[in-house]
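Listed here are the chains, written in short residue letters.
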Amino acid sequence: MARPTALRTARRLGVGALAACLMTALPAPTARANDPARPEAPALKIVGNETQPAFSRADAMFQQVNVETKTDSDGDGQRDTVRMRILRPKETETGLKVATIIEASPYWAGGNDVPNHGVDLDEDGLPADRLRSGERRQPGLVGPSVPFSGYTDNYFLPRGYAVAQVDSVGTGGSTGCPTSGGRNETLGAKAVVDWLNGRARGWDLEGRPIGAAWSTGNAAMMGISYNGTLPTAVATTGVEGLKAIVPISGISSWYDYYRANGGVVAPGGYQGEDTDVLAKYVYSRTDREICKPVLDRLTADQDRTTGDWSRFWAERDYVKDVRKIRAGVFAVHGGNDWNVKTQHFGQLWEALKKYDVPRKLWLHQAGHTNPMPLRMEEWLRQLHQWFDYWLYDLDNGALDAPRVDVEQSDFSWRQQSEWPARGTRDVTLRLNKGGLAPLPGPPVKQSLTDEGRTVTAERLAADPDTAKTNRLAYTTGPLPQDLRVNGVPEASVRASLDGTSPYVTALLVDYGTDTRATAGTVADTSKLICYGEGIPEDTGCTYRTVHRTETADFKIVSRGWLDARNRNSIARQDKVVEGREYRLEWSMQPQDYVFKRGHRLGVVLISTDYDYTLRYPAGTRMTVRAGVSTVTLPIGRP
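Residues numbered from 1 in each chain as written. Predicted model: local features only at pLDDT ≥ 70, side-chain atom pairs only at ≥ 80, totals over all residues. Heavy atoms only, no water.

Visitor: Can you help me understand the state of the cysteines in this one?
Guide: For the structure on display, the rule yields two disulfides. Shown here is the disulfide that connects C177 with C291, its sulfur atoms set 2.1 Å apart. Disulfide C177-C291: the torsion about the S-S bond is -90°, which places it as left-handed. Here C291 lies in the loop between α6 (275–282) and α7 (292–302) and C177 lies in the loop between β6 (161–167) and α3 (183–196), a separation of 114 residues in the sequence. For C291, a relative accessible area of 0% gives the class buried. (Disulfide = S-S within 2.5 Å. Helix = DSSP H or I, 4+ residues; strand = E, 2+ residues; numbered from the N terminus. Buried < 20%, exposed > 50% of the residue type's maximum accessible area, 1.4 Å probe, protein only.)

Printed below as a string of structure tokens:
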């Protein structure tokens, strides 16, 4: 009751009188206040607007907290909690306040052996109603499972950051149920930001209430794959205190991870996986029964029969909420990532531009991978600058440099102000009987017979000059100069279907023998690089990685899929009358790729894509009207 009285007194006396009052009320300073031996309060070491190593990784404080969320996704009558493991400088026990770098993940406790769905469909076009025990693979979104693996503790903790791991709901030490991108997962990860700001309750493992008095309230989230998806999800809530995110190969809409234009389409390498398979894989909490009804609902609601957009997928779409983001976004993606496909960074980036969200982008030549060992020193420099700017408000020029770093085919890097590069323009080529050309040829019909149930797209795309009944191939002549495609290729095809498969697939192909990057990387074990402070269990050292390359006659650069029944809307199917021509339009995956001088650019049309789409019985006849069918390419300066 004393505080209201003092405030009323302040208003009566005025500021000057209040100051005099306070001076007389304060205790007289003791001799110790002027004692030069008294230790100073711990503080960050900042030189040149950059945090410097000043704190011991070996002496870091470790704590675990169960943080309360706003949801009860397992229906037990209690709010879900998420388990948070924190490493922070020991000086936070004596007054140092620090920002926190968070990696939330469903993978910290490992996963389960879960079969994927069957993708070879019966004659009646309905999917098999059983899981195929022969297709047992780990889901595509794989992540680390060793506590505090990676480099953030070694590099950033000595510079005055706390680092934290969070078990996503339904996994590890958390309660609740995994839902593969559902709202409860977003709110689960958001809760730790709230706890760091005093807005959520937390308890230690003995059940004692615990707060984060050591926290400045500022936080960043980062990670790869699923771990890189949760930062975007949380940022789109607009939560206060989340100042920066670094989504690396992260999903921006779960529909586009497991579907495409009305079709059921798998993440690369994980044919038959879906939201229910992934949720069952990460379901690692102690109670293994309570979430079964939730997992069953995933199987029903994801709808592998039609592949249509629905409220289920709208809940898992983060792009629609980008306008709410209050954090600086540093996005990273690989041009050869066919797991979390490039559409995810592409549509996120366009939305960030639309709403003028502070942003930065790295595009590298590898696949679903960590960029740090590919370009170690520059990655750490830019990431450090990003975090210092957003979490400690250091005026270090983080927003002054060009926004975009793009790795070239020779593995050098270029910087540019935007993506696609400024000056990029759309160029439309006709799919003529004689090849790709800017002018239309005669509107003749050409047909293919679908064999994608047993033949891969790579085999179908090979040798474009040989007539094949199972594909249609269109190529340019040898290119007179390098041609850079950067952006989203678009296909527009006049075609009819006669058979069982509703899929149409377009492949953008670089024809010409060359040595090119693949999705993989390999460690260069010739030299161990130490990037941070080590401890016996974690040296803070690692090897650089280099690109795994392949010499081949061609490369599929991009591809895209459409269920012809969804030609008018991804939210509903319209009947396909066999033999009737329709205008079919769809996008391929965004790319930044240079077709070299002397190579030929090709477009290959097929129906079933063996590694991605559902596989209906072979034999569907697709008839394309050449001359009036097109591909539109975003062409920029090489």
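Visitor: Is there a simple way to explain the side chain of E185 in this structure?
Guide: Within the secondary structure, E185 sits in helix α3. Buried charged residue E185 carries no salt bridge. Nearest counter-charge: R316, at 7.1 Å. A distance of 2.8 Å separates a polar atom in the side chain of E185 from the backbone nitrogen of T179. For E185, the side chain forms a polar contact with the side chain of Y226, separated by 2.7 Å. Setting aside its immediate chain neighbours within four residues, E185 contacts S168, V169, P178, T179, S180, Y226 and L230. (Lys, Arg positive; Asp, Glu negative; His and termini not counted. Salt bridge = Lys/Arg side-chain N within 4 Å of Asp/Glu carboxyl O. Polar contact = N/O pair within 3.5 Å; in protein donor to acceptor, adjacent residues only side chain to side chain. Contact = heavy atoms within 4.5 Å.)

Visitor: Which parts of the structure should I look at to understand the packing of α3 against helix α4 (residues 226–235)?
Guide: Relative placement of two packed helices is described by the angle separating their axes and the distance separating the axes. Packing of α3 against α4 leaves a shortest axis separation of 9 Å and a crossing angle of 85°. The angle between the axes of α3 and α4 places the two elements in the roughly perpendicular class. Mapping the contact onto sequence places E185, T186, A189 and K190 in α3 and Y226, L230, A233 and V234 in α4. Residue composition of the contact of α3 with α4, grouped by class: five nonpolar, one polar and two charged. (Axes fitted to C-alpha atoms, helices over the stretch in contact; angles between N-to-C directions. Parallel < 35°, antiparallel > 145°, perpendicular 65-115°, else oblique. Nonpolar A, V, L, I, M, F, W, Y, C, P; charged D, E, K, R; others polar.)

Visitor: I keep staring at empty space enclosed by the protein and nothing clicks. Help me out?
Guide: Gaps between atoms show up when a probe of the same size as a water molecule is rolled over them. Going through the model one piece at a time under the given rule, you end up with five cavities of 30 Å³ or more. Taken as a whole, the largest cavity spans an internal volume of roughly 270 Å³. The wall of the largest cavity is formed by 25 residues, among which N336, Q365, Q591, D592 and Y593 lie closest to the centre. Those elements that place two or more of their residues in the lining of the largest cavity are β13 (359–364), β14 (404–407), β22 (503–530), β23 (541–563) and β25 (591–595). Considering every element that reaches the lining of the largest cavity, the biggest residue donor is β22, with five residues. Counted by class, the lining of the largest cavity contains eight nonpolar, 10 polar and seven charged residues. (1 Å grid on protein atoms, 1.4 Å probe; cavity = no way out; pocket = protein on both sides within 12 Å on 5 of 7 lines; lining within 4 Å. Points joined across faces, edges and corners; volume = space filled by probe spheres on them.)

Visitor: Help me understand the pairing of strand β3 (residues 98–105), please; the structure alone is not making it clear to me.
Guide: Moving residue by residue along a regular strand, the side chains alternate between the two faces of the sheet. Within β3, eight of the eight residues are buried, which leaves the element mostly enclosed by the surrounding structure. In the sheet, β3 pairs with β6 via seven bridges, with the strands oriented parallel. Bridging across to β6, A99 finds its partner in Y161. (Pairing = 2+ DSSP bridges.)

The analysis is restricted to geometry; functional conclusions fall outside its scope.
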